[in-house]
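A structural walkthrough
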Amino acid sequence: MPKPIRMSRRSWVAAWAVLCAAGLAATVKLNASSAPAPQPEKSVSAECAERIADIETQLAKAKQEGKGDGVLVFSRVQVGTADDCRDDLRNHFRGDQ
């Protein structure tokens with residue numbers, strides 16, 4: 001029966017260091033490649049843009065008069081229709097844009 005190859009402690013430490021470095025490099029590369037692509041910004045319809053501008057005007061007027069720092073907004077159309085501005089209003093006033 002052949003004798004097993006004996007390795008020094010330095011060789012074992014070096015082999016583990018190389019394997020750990022390779023694993024970390026692979027992890028970084030995989031994490032970077034799996035980052036979600038930025039979604040293109042959706043355009044706001046003319047009606048929604050007009051509604052947002054109207055609300056911005058009301059907010060500016062309320063701040064000038066020293067009234068509260070918020071405005072309650074309701075969508076003018078039924079939910080789920082093509083003219084529903086709910087998502088556009090939410091995105092604009094949450095600062096997601």
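Residues numbered from 1 in each chain as written. Predicted model: local features only at pLDDT ≥ 70, side-chain atom pairs only at ≥ 80, totals over all residues. Heavy atoms only, no water.

Structural notes on the overall build of the protein
Of the regular secondary structure elements, the protein holds three helices and zero strands. When the helices and strands of the protein are listed from N to C terminus, the series reads α-α-α. Burial analysis of the protein (97 residues in total) assigns 11% to the buried set. Pairs at least 24 apart in sequence give 49% of the contacts found in the protein among residues at least 6 apart. (Helix = DSSP H or I, 4+ residues; strand = E, 2+ residues; numbered from the N terminus. Buried < 20%, exposed > 50% of the residue type's maximum accessible area, 1.4 Å probe, protein only. Contact = heavy atoms within 4.5 Å.)

Topic: the nonpolar core
With six residues, the main nonpolar core is built from Cys-48, Ile-52, Ile-55, Leu-59, Cys-85 and Leu-89. Looking at this core element by element, the count peaks at four residues for helix α2 (residues 46–64). (Core = buried A, V, L, I, M, F, W, Y, C linked by side-chain atoms within 4.5 Å.)

A few points about helix α3 (residues 86–94)
By the burial criterion, the buried members of α3 are Asp-88, Leu-89 and His-92. Within α3, the buried residues cover an arc of 100 degrees as seen down the axis, which keeps them to one side. Those residues of α3 hidden inside the fold are in contact with α2. (Arc of directions from axis to C-beta.)

Some details on the confidence of the model for the protein
Model confidence for the protein is summarised by a mean pLDDT of 78, while 70% of its residues fall at 70 or above. Here α3 stands out as the element of the protein with the lowest mean pLDDT, 80, in contrast to helix α1 (residues 9–33), whose mean of 92 is the highest. (pLDDT = per-residue confidence, 0-100.)

Here we look at the pattern of salt bridges
A complete count under the given rule lists one salt bridge for this structure. Arg-51 serves as the salt-bridge partner of Asp-54, at 3.5 Å between the closest nitrogen and oxygen. Taken together, the residues span about one helical turn, with Asp-54 and Arg-51 both in helix α2 at a distance of three residues. On the basis of relative accessible area, Asp-54 is assigned to the partly exposed category, the value being 31%. A relative accessible area of 17% places Arg-51 in the buried class. (Salt bridge = Lys/Arg side-chain N within 4 Å of Asp/Glu carboxyl O.)

What to know about the side chain of Asp-88
By secondary structure assignment, the location of Asp-88 is in helix α3. In this view, Asp-88 contacts Val-44, Cys-48 and Ile-52; residues no more than four positions away in its chain are not counted.

Focus on the packing of α2 against α3
Here α2 crosses α3 at 40 degrees, and the two axes come no closer than 10 Å. Classed by the angle they form, the pair α2 and α3 counts as oblique. Crossing handedness for the pair α2 and α3: right-handed. Facing α2, whose interface residues are Cys-48, Arg-51, Ile-52, Ile-55, Glu-56 and Leu-59, α3 presents Asp-88, Leu-89, His-92 and Phe-93. When grouped by side-chain class, the residues that make up the contact of α2 with α3 number six nonpolar, one polar and three charged. (Axes fitted to C-alpha atoms, helices over the stretch in contact; angles between N-to-C directions. Parallel < 35°, antiparallel > 145°, perpendicular 65-115°, else oblique. Left-handed = near helix turned anticlockwise from the far one by under 90°. Nonpolar A, V, L, I, M, F, W, Y, C, P; charged D, E, K, R; others polar.)

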